[in-house]
Amino acid sequence: MTFATIWCVFLLDLILGDPRWLPHPVRIIGQVIDRLEIWVRGWAHDDRALRLGGCLMTLLVVAGSFILTWLLIAWFSLLGATAGAVVAVLLGYTTIAIRDLYDQSWAVIKALRAENLPEARRLLSMIVGRDTKDLDSEGIQKAVIETVAENLSDGVVSPLFYMAIGGVPLAMAFKASSTLDSMVGYRDERYEHLGWCSARLDDVLNFIPARLTGVLIVAAAFVLRLDASRAWTIFRRDGGKHKSPNAGRPEAAMAGALGIQLGGPSVYEGVLVEKPYLGDPDQLIDIAHTRQAEQILFVVSVLMVLPASLYRLVL
């Protein structure tokens, strides 16, 4: 894993994004998780067995992703250093999602600009877990900003962080953990026990990157001449209010940088969920704020790839 590899991964993601026709490891990991869940539920008939099965499933998916990625790179490296480097870049590029996050958020905003509220709600429903059918324009924009902030950590900073310290195999292992959490890491009746291990592992792996993301958002606000001081204040004041130990950190920093309030009640599968407010309602949320959030996305990405690649350079 080299300085150049990380930059190639970064640039390839900016150029290609996530073409749906391209085979993607995350989709393969998702299929494996589905089959493992069926397997575990076939023999785990009580809560204790489900928790044990969930831990086993987490181990198989995360360790298996690391090992298979390492073996692929090592095998192609036997054919030559260039072949190994190309495979490392191609696999590494699938672990980050800068361009895809931008494309999906921008599609929602374009629909709003065209005053096509039903289409904006439909597009938003593809990137958030909350119910979108009754959201007004401000609610849609708030959801877009929140998902940009949260996914800055999950889809950009975290994989680059683990790529820097452990190469592409560790970044892929993180991606496997993140995929597990998104599929089974729910605190509901169905997944409370099966997804317990996945959710805890995701919390641990994102602990440092989530806080790093918050700091980088503050730095990006300074670069973009937004309110960096306010971003730092809200990051420290509200970052720990969220039920998740990590999700509130980047969202709070984003709210402070933009001078808006995020969070609050949201509906998930018809159930009203009371979430804490992050930031102060200094301004009504409008499209200008969503565009600023997208600018922060790109600045934070650059601010993260710089130290990540330099770390590999001096390692």
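Residues numbered from 1 in each chain as written. Predicted model: local features only at pLDDT ≥ 70, side-chain atom pairs only at ≥ 80, totals over all residues. Heavy atoms only, no water.

Below, the discussion takes up a negative patch on the surface. Side chains of D46, D47, D188, E189, E192 and E269 sit close together on the surface and give a patch of like negative charge. Structurally, E192 can be placed in the loop between α7 (137–184) and α8 (196–223). (Patch = residues over 30% accessible without salt bridge, like charges linked within 9 Å, V, L, I, M, F, W, Y side chains within 5 Å. Areas by Shrake-Rupley, 256 points an atom, 1.4 Å probe, with all protein chains shown as cover. Salt bridge = Lys/Arg side-chain N within 4 Å of Asp/Glu carboxyl O. Lys, Arg positive; Asp, Glu negative; His and termini not counted. Charge placed at Lys NZ, Arg CZ, Asp CG, Glu CD. Helix = DSSP H or I, 4+ residues; strand = E, 2+ residues; numbered from the N terminus.)

Another aspect to go through is α7. Between its first and last C-alpha, α7 extends only 31 Å over 48 residues, short of the 70 Å set by a 1.5 Å rise per residue. Along its length, α7 shows its largest kink, about 140°, at G166, and proline P169 lies within four residues downstream of that point. Among the 48 residues in α7, 39 count as buried, and that is most of the element. (Expected span 1.5 Å × (residues − 1). Bend = angle between axes of the 7 residues up to and from the residue. Buried < 20%, exposed > 50% of the residue type's maximum accessible area, 1.4 Å probe, protein only.)

This next bit is on the environment of Q295. Looking at where Q295 falls in the secondary structure, it is placed in helix α11 (residues 287–314). Spatially, the C-alpha atoms of Q295 and A220 are 8.6 Å apart, while their sequence positions differ by 75 residues.

Quick look at the packing of α8 against helix α9 (residues 228–238) now. Where α8 meets α9, the axes come as close as 8 Å, and the angle between the chain directions of the two elements is 160°. Classified by the interaxial angle, the pair formed by α8 and α9 is roughly antiparallel. Every pair of crossing elements has a handedness; the one defined by α8 and α9 is right-handed. Across the interface between the two elements, R211, G214, V215, V218, A221 and F222 from α8 touch A228, A231, W232 and F235 from α9. (Axes fitted to C-alpha atoms, helices over the stretch in contact; angles between N-to-C directions. Parallel < 35°, antiparallel > 145°, perpendicular 65-115°, else oblique. Left-handed = near helix turned anticlockwise from the far one by under 90°. Contact = heavy atoms within 4.5 Å.)

A few words now on the side chain of D181. With respect to the helices, strands and loops of the structure, D181 is situated in helix α7. In this structure, D181 is buried with no salt-bridge partner, the nearest side chain bearing the opposite charge being R200 at 6.7 Å. Those residues in contact with D181, other than ones at most four positions away along the chain, are S198, A199 and D202.

This part covers the packing of aromatic side chains. Scanning the entire structure with this criterion turns up 8 aromatic pairs. Ring geometry for F161 and Y162: centres 5.0 Å apart, planes at 90°, overall edge-to-face. One exposure class covers both F161 and Y162, and it is buried. Cluster of aromatic residues (ring-pair linked, three or more members): F161, Y162 and F174. The ring of F207 carries R211 above its face, with NZ or CZ at 3.7 Å from the centroid. The ring of W106 carries R291 above its face, with NZ or CZ at 4.0 Å from the centroid. (Phe/Tyr/Trp six-rings, centres within 6.5 Å; stacked < 30°, edge-to-face > 60°. Lys NZ or Arg CZ within 6 Å of the ring centre and 35° of its normal.)

Time to look at the packing of α7 against α8. One way to put it is that α7 packs onto α8 with a least axis distance of 9 Å and a crossing angle of 120°. Our classification of the angle between α7 and α8 gives oblique. Considering only the axes of α7 and α8, their crossing is left-handed. Among the residues making up the contact of α7 with α8, the classes are represented as 16 nonpolar, 7 polar and 3 charged. (Nonpolar A, V, L, I, M, F, W, Y, C, P; charged D, E, K, R; others polar.)

With that settled, the discussion passes to helix α5 (residues 98–113). When the terminal C-alpha atoms of α5 are compared, their 22 Å separation across 16 residues agrees well with the 22 Å that a helix rising 1.5 Å per residue should span. Residues of α5 that are buried make contact with α1 (3–16), α6 (117–125), α7 and α11. Just downstream of α5, E115 is the residue with a positive phi angle, here 60°.

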